[in-house]
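Descriptive analysis of the structure
Single-letter residue listing:
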Amino acid sequence: MAHNFTGTSLAIEMHSCVECNVLAVLSGCAIIVRGQPRGGPPPERQINLSNIRAGAMARRAAQGQPDTKDTPDEPWAFQAREFLRKKLIGKEVCFTVEIKTALGREYGMVYLGKDTTGENIAETLVNEGFATVRREGIRGNNPDQARLCELEDQSKSSKKGLWSEGGGTHTVRDVKYTIENPRNFVDSLHQKPINAIIEHVRDGSVVRALLLPDHYLVTVMLSGVKCPTFKREADGTETPESFAAEAKFFTESRLLQRDVQIILESCPNQIILGTILHPNGNITELLLKEGFARCVDWSMAVYTQGAEKLRAAERSAKERKVRIWKDYVAPTANMDQKDRQFVAKVMQVVNADAMVVKLNSGEYKTIHLSSIRPPRIEGEVQTNLSVCMCLYTALRREKNKDKDKRFRPLYDIPYMFEAREFLRKKLIGKKVNVTVDYIRAATGPGESTPAFSERTCATVTIGGMAIKNGKGLHSKKEVPIHRVADISGETQKAKQFLPFLQRAGRSEAVVEYVFSGSRLKLYMPKETCLITFLLAGIECPRSSRNLPGGMQVAEPFSEEAMLFTKELVMQRESLALVSILVVSVQF
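Rules behind the numbers
Residues numbered from 1 in each chain as written. Predicted model: local features only at pLDDT ≥ 70, side-chain atom pairs only at ≥ 80, totals over all residues. Heavy atoms only, no water. Helix = DSSP H or I, 4+ residues; strand = E, 2+ residues; numbered from the N terminus. Buried < 20%, exposed > 50% of the residue type's maximum accessible area, 1.4 Å probe, protein only. Contact = heavy atoms within 4.5 Å. Areas by Shrake-Rupley, 256 points an atom, 1.4 Å probe, with all protein chains shown as cover. Phe/Tyr/Trp six-rings, centres within 6.5 Å; stacked < 30°, edge-to-face > 60°. Polar contact = N/O pair within 3.5 Å; in protein donor to acceptor, adjacent residues only side chain to side chain. Core = buried A, V, L, I, M, F, W, Y, C linked by side-chain atoms within 4.5 Å. Domains from an automatic or database assignment. Pairing = 2+ DSSP bridges. Expected span 1.5 Å × (residues − 1). Arc of directions from axis to C-beta.

Turning to the overall build of the chain, a few remarks are in order. A tally of regular secondary structure across the chain gives 14 helices and 31 strands. For the chain, with 587 residues in total, the buried portion stands at 44%. A sequence separation of at least 24 residues applies to 62% of the contacts in the chain between residues at least 6 apart. For the chain, the exposed surface amounts to about 30,800 Å²; the carbon and sulfur share of it is 50%.

Taken as a whole and assessed by the stated rule, the structure comprises eight aromatic pairs. Ring centres of F83 and F130 lie 5.1 Å apart, and the angle between their planes is 40°; on these two criteria the pair is classed as tilted. Of this pair, F83 sits in helix α1 (residues 77-88) while F130 sits in the loop between α2 (121-127) and β8 (132-133), and the two are 47 residues apart along the sequence. By relative accessible area, F130 is classed as buried at 12%. With a centroid separation of 5.5 Å and 80° between ring planes, the pair formed by W325 and Y328 is classed as edge-to-face.

Moving on to the side chain of S299. When you line up the elements, S299 lands in helix α7 (residues 297-300). Among the polar contacts made by the side chain of S299, one reaches the main-chain amide nitrogen of G224 at a distance of 2.8 Å. When near neighbours in sequence (up to four residues on either side) are disregarded, S299 contacts L222, S223, G224, V225 and L273.

What is expected of a backbone is that most residues other than glycine have negative phi and most peptide bonds are trans. In this model, L212 is joined to P213 through a cis peptide bond whose omega is 10°. In this fold, P213 is placed in the loop between β10 (206-211) and β11 (216-222). Unusually for a residue other than glycine, K159 sits at a positive phi of about 55°. On the secondary structure map, K159 appears in the loop between α3 (143-158) and α4 (182-188). If you check the backbone angles, H190 has positive phi at about 55° while not being a glycine. Examined against the element boundaries, H190 turns out to sit in the loop between α4 and β9 (194-203). Judged by its relative accessible area of 57%, H190 is exposed.

Turning to the nonpolar core, a few remarks are in order. Within soluble globular proteins, side chains that are nonpolar tend to cluster in buried spots. If you look at the biggest cluster of nonpolar residues, it comprises 37 residues, and the most contacted ones within it are I198, L211, I262, L264, I276 and L287. The biggest single contributor to this core is β9, with four residues. Formed jointly, this core draws a minimum of three residues from each of two domains, domain 1 (18-171) and domain 2 (182-325). Core analysis: the next-biggest nonpolar cluster, separate from the first, contains 30 residues, C20, I31, L84 and I89 among them.

The side chains of a regular strand alternate, first on one face of the sheet and then on the other. The pairing of β10 with β11 spans six bridges and is antiparallel. Looking across to β11, one finds that V207 is bridged to V220. Counting the residues between successive antiparallel strands, the hairpin from β10 to β11 contains four residues, one of them, H215, with a positive phi of roughly 60°. Taken together, the two bridges between β11 and strand β16 (residues 273-278) define a ladder with parallel strand orientation. What sits directly across from L222, in β16, is G274.

With that settled, consider the pairing of β9. For β9 and strand β15 (residues 259-266), the ladder comprises four bridges, and the chain directions are antiparallel. The residue bridging A196 from the neighbouring strand is V260, located in β15.

Let us now look at helix α8 (residues 307-320). A turn of α-helix holds 3.6 residues, and therefore any two residues three or four places apart point the same way. Compared with an ideal rise of 1.5 Å per residue, which puts 14 residues at 20 Å, α8 spans 20 Å between its outermost C-alpha atoms and is within 8% of the ideal. Three or more residues of α8 are buried, namely L310, R311, A313, E314, A317 and K318. For α8, the angular spread of buried residues about the axis comes to 165°, placing them on one side. Where α8 is buried, its residues contact α6 (283-289), β18 (294-295), α7 and β22 (431-440). Two residues or fewer past α8, K321 is found with a positive phi of approximately 50°.

To continue, consider the side chain of R85. Within the element layout of this structure, R85 appears in helix α1. Polar contacts involving the side chain of R85 include one to the side chain of E82, which spans 2.8 Å. One polar contact links R85 to D259, side chain to side chain, over a distance of 3.0 Å. The contact partners of R85, leaving out residues within four places of it in the chain, are V25, I197, Q257, R258 and D259.

Here it is as structure tokens:
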């Protein structure tokens, strides 16, 4: 937080009283104030209380300097800060500046209210035993200073605060600046609200919070949203993105040093995601509604207060074209009605939120269900499962031991197979009504966000019923485990497995992928294995594919043959459980 004060909204003359609001309490004898906003966030100013001293708050060791150590609280320091925080945060005060040092540090008197008739904050602190009087600078003819000395003597007699017996060691906190295993820490809280104080606002959607009563100081990113940020330049300066300062001010003015409750919801890649609850509202939804933030799919999946509320708040800001959406044009605004609403045939269910449909024109189109996310493994990037089967085979064939371990096949992700099967049995081969809700723009890979291509997000109905995912993911039942052997790319395993399949005679299978008109990948539920299957007695033109020597060009009519087979057998309920007779395995 910048404490250097510039600007005219709080420009003052020495000893004149200035009205302002308290933004933050740094300690029992220092506060940050600012005036009313005029065309943007108002400037800030640090005021130190004259003639008194309160204990210094704990400080973390300077990062990158191994010789420095954390500094603990001085006795009664946190209690003095808390007393002042609860009395002043968000309140209107007036102050006078009595001394301004050569370095610009300002000392003065602060009064609660609009003028100097209000409560004298320095006197209250001394009277409660939270601050001592700097007697070395006392002048005998100053009645205000004499009053402070009188109040300190009374506090000593009453043994209040600093003057109580025992030295105050019990008031020193054990502040924890780091957590050894953040994910385990978050999981141990079971998404229960915990009391906290917001100590710092980095930007509109990232805060530093003190978790109570154990005094963990953690950085929390709001689940499901992202505000404009401040980009750090090579020279150390920060350049705000458009509306970054306004978004930060919006969050600061509502949450900074307020008592809140936080639900810690997830911890992917050491980033703690959470929702901040305040009696006056949910800051996540307010940021979206006021156009200070946008929805972020990768973290919305863990938001516990209802993702549709976030979509609705963002939609409201877009419709009103406020702030970051001031130039917004709906992706569907220029779409013809026939492209916005249409009937199509479901050809493939990719996963729990995506399907491939065939339009009346014969074109194939991938549709994603609006405002939901498929089952996923926390903290892992999920690969588009429309290419799941062939990609997994390719990965298994890789000899490089450092291949991408983040990829998870369909059967490894809890409830992904069940969710896919739920939609497959309901939709494959059926005609559905598609209403395009929005086009999600392509996003590039970031520090903590995966890359996605442009997506058409829509509401899909069949027989008047909207298609949604089942309830299994949210149940408290034991997570189902699928142990599937993939022998499609393993020559030795395929040879060993062949006699078993031949003895079994006819077997049931689901066509998971069509490589060409005569080459398929099958999932055999009874045998729990994946095999590559070639239709006996025929050979179709080969599709293009990557070979060690380069790309093999597709043979004529290979695409047509592949689409013909795919339309007949791909995931069909009537034909997917195909009776197959294994004659031999070709390599």
